[in-house]
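Fold and contact review
Chain by chain, the residues:
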Amino acid sequence: MKIENKLHPRNLHQGRYDLEALSETLPELKSFLFTNDYGNLTLDFANPKAVKSLNQALLKHFYQVDFWDIPDGFLCPPIPGRADYIHHLADLLAQSNGGRSPKSAKINVLDIGTGANLIYPILGNSIYDWNFVGSELNPKAIKSAEQILVKNPQFQGKIELRPQPDSSKIFSNIIQPEEFFDLTLCNPPFHESAQAAQEGSQRKVRNLTGNPVAKAELNFGGQAAELWTEGGELAFIRKMIAESLNFKNQVFWFTTLVSKSEHLKSIQNELQKVGVAEQKIIEMAQGNKKSRLVAWTFLTEKQQAAWKTYRWK
């Protein structure tokens, strides 16, 4: 499978996957490899077990993560695209700091809905040495993420998990009084119903295999809160924007992925309504898949300067 060179320039996952090298790193991957009709070594990207094994190999080969696993039925994230979000966030921090990246060990990041896979904290700490808090609703997901941390001691003291006890809240219960985050990130559930999530997964498998399917594993796994929420992506982001106002002095940049470009205008209008000081749309692409992240801050220029002085210098 070819990954187009539209990824962030610092992203390690440019071009084709080197499956031979990856299978040397993780021998278990070899059982999923085969030579296609064109004589190229590949694997079945429609097979969730093959995709999970590929992720394990990528994390071990590029980021020295010796153990990574997720329970059956949970979201298996594409590593190149997740790494892209992290690299664009690093650029966002640099743009706010005169073009220079702030000292990594001083950066605190909140991952909303970190999931069983814990992928953003893993990548963000491995690449940039940022400190993370991962919030999560699902107890089974938290247990899985805890297992990853236990078996990768390099993350000790750098990644913290916090259960979210209230499904109607996003930042509340997680951001504590007198606590500050330089970034928040989120990959929100983008379907509005379980049926829409199932249809999306059927399309994905059909595109990968060329065959019609009656039922597909939800996006190679995926629980309700991972893939769908009432009102879909737009309703979730609107709620996030409204709640961010309560923490406007405790976060430098709030950010979220936006899957559907048609939602951007509504999101921009919502941000204007709550009175943000600055907002940005950052385009991203991986192959034919296009996405973007929206970032906003309530900090004025004077407040941003004070933040940089007291937190980054």
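What you see is a predicted model; the values in this text were computed from it and never measured. What you see as residue numbers is a count from 1 along each chain, following the sequence as written. For this predicted model, a pLDDT threshold of at least 70 governs which residues receive local features, and a threshold of 80 or more governs which side-chain atom pairs are given and counted, while totals over whole chains, interfaces and linings are taken from all residues. Side-chain calculation: all heavy atoms of the structure are included, whereas hydrogens and water are not.

Focus on the overall build of the protein
Put simply, DSSP H or I for four residues or longer makes a helix, DSSP E for two residues or longer makes a strand, and each gets a number counted from the N terminus. Each helix and strand counted, the protein has ten helices and nine strands in total. Exposure categories follow from relative accessible area, calculated using a 1.4 Å probe and restricted to protein chains: below 20% of the type maximum is buried, above 50% is exposed, and the middle band is partly exposed. Split into buried and exposed, the 313 residues of the protein put 50% on the buried side. Here, residues are in contact when the closest pair of their heavy atoms is within 4.5 Å. The long-range share in the protein, meaning contacts at least 24 apart out of those at least 6 apart in sequence, stands at 69%. For the area figures, the Shrake-Rupley method with a 1.4 Å probe applies, and any residue is considered shielded solely by the protein chains shown. Here the protein has roughly 15,000 Å² of accessible surface; of this, 48% comes from carbon and sulfur atoms.

Comments concerning the environment of tyrosine 63
For tyrosine 63, the location among the structural elements is in helix H2 (residues 48–63). With relative accessibility at 5%, the residue tyrosine 63 sits in the buried group. Separated by 64 residues in sequence, tyrosine 63 and isoleucine 127 have C-alpha atoms that sit 7.6 Å apart. When near neighbours in sequence (up to four residues on either side) are disregarded, tyrosine 63 contacts Leu12, His13, Leu58, Ile79, Ala83, Leu123, Ser126 and Ile127. Between N or O atoms, a polar contact is any pair within 3.5 Å; within protein, one atom must be a potential hydrogen donor and the other a potential acceptor, and residues adjacent in sequence are included only when both atoms are from side chains. Among the polar contacts listed, one links the side chain of tyrosine 63 to the side chain of histidine 13, at a separation of 2.8 Å.

Some words on the packing of aromatic side chains
Two aromatic rings are characterised by how far apart their centres lie and by the angle between their planes. Note on aromatic contacts: the rings of Phe and Tyr and the six-membered ring of Trp form a pair at centre separations within 6.5 Å, being stacked when their planes are under 30 degrees apart, edge-to-face when over 60 apart, and tilted otherwise. A full pass over the atoms with the stated rule returns 13 aromatic pairs. With a centroid separation of 5.3 Å and 85 degrees between ring planes, the pair formed by tyrosine 85 and tyrosine 120 is classed as edge-to-face. Of this pair, tyrosine 85 sits in helix H3 (residues 79–95) while tyrosine 120 sits in helix H4 (residues 119–128), and the two are 35 residues apart along the sequence. Using a relative accessible area of 0% as the deciding quantity, one classes tyrosine 85 as buried. We classify tyrosine 120 as buried; its relative accessible area is 5%. Between phenylalanine 171 and phenylalanine 254 the ring centres are 5.3 Å apart and the planes differ by 70 degrees, which places this aromatic pair in the edge-to-face class. Here phenylalanine 254 lies in strand E7 (residues 251–258) and phenylalanine 171 lies in the loop between strand E5 (159–163) and strand E6 (181–186), a separation of 83 residues in the sequence. Owing to a relative accessible area of 0%, phenylalanine 171 belongs among the buried residues under this scheme. Taken together, the ring pairs in this structure connect Phe171, Phe247, Phe254, Trp296 and Phe298 into an aromatic cluster.

A closer look at the pairing of E6
Where burial is concerned, most of E6 is hidden: six out of the six residues are buried. Strands were regarded as paired on the criterion that DSSP finds at least two bridges between them. Pairing geometry for strand E3 (residues 108–112) and E6, over four bridges, is parallel. For isoleucine 112, the partnering residue across the bridge sits in E6 and is cysteine 186.

Describing the confidence of the model for the protein
pLDDT gives the predictor's per-residue confidence on a scale running from 0 to 100. The pLDDT averaged across the protein works out to 88; a share of 85% of its residues lies at or above 70. Overall, residues 191–209 carries pLDDT values under 50, and its contacts beyond four positions in sequence, including any with other chains, amount to 40 contacts. Considering only residues more than four positions removed or in separate chains, one finds that residues 216–220, a stretch of pLDDT under 50, has 22 contacts.

Some details on the environment of serine 168
You can see serine 168 is positioned in the loop between E5 and E6. Judged by relative accessible area, serine 168 falls into the partly exposed class, the value being 38%. Linking serine 168 and lysine 239, residues 71 residues apart in sequence, is a C-alpha distance of 9.0 Å. The residues touching serine 168, leaving out its near neighbours within four places in the chain, are Lys239 and Glu243. At 2.7 Å, the side chain of serine 168 and the side chain of aspartate 166 are in polar contact.

Some details on unusual backbone geometry
The backbone phi angle of leucine 118 is positive, close to 55 degrees, even though this residue is not glycine. Within the secondary structure layout, leucine 118 lies in the loop between E3 and H4. Its relative accessible area of 0% is what places leucine 118 among the buried residues.

What to know about the side chain of asparagine 152
For asparagine 152, the position within the fold is in the loop between helix H5 (139–150) and E5. Apart from the residues lying within four places of it in its own chain, the contact partners of asparagine 152 are Val65, Asp66 and Phe67.

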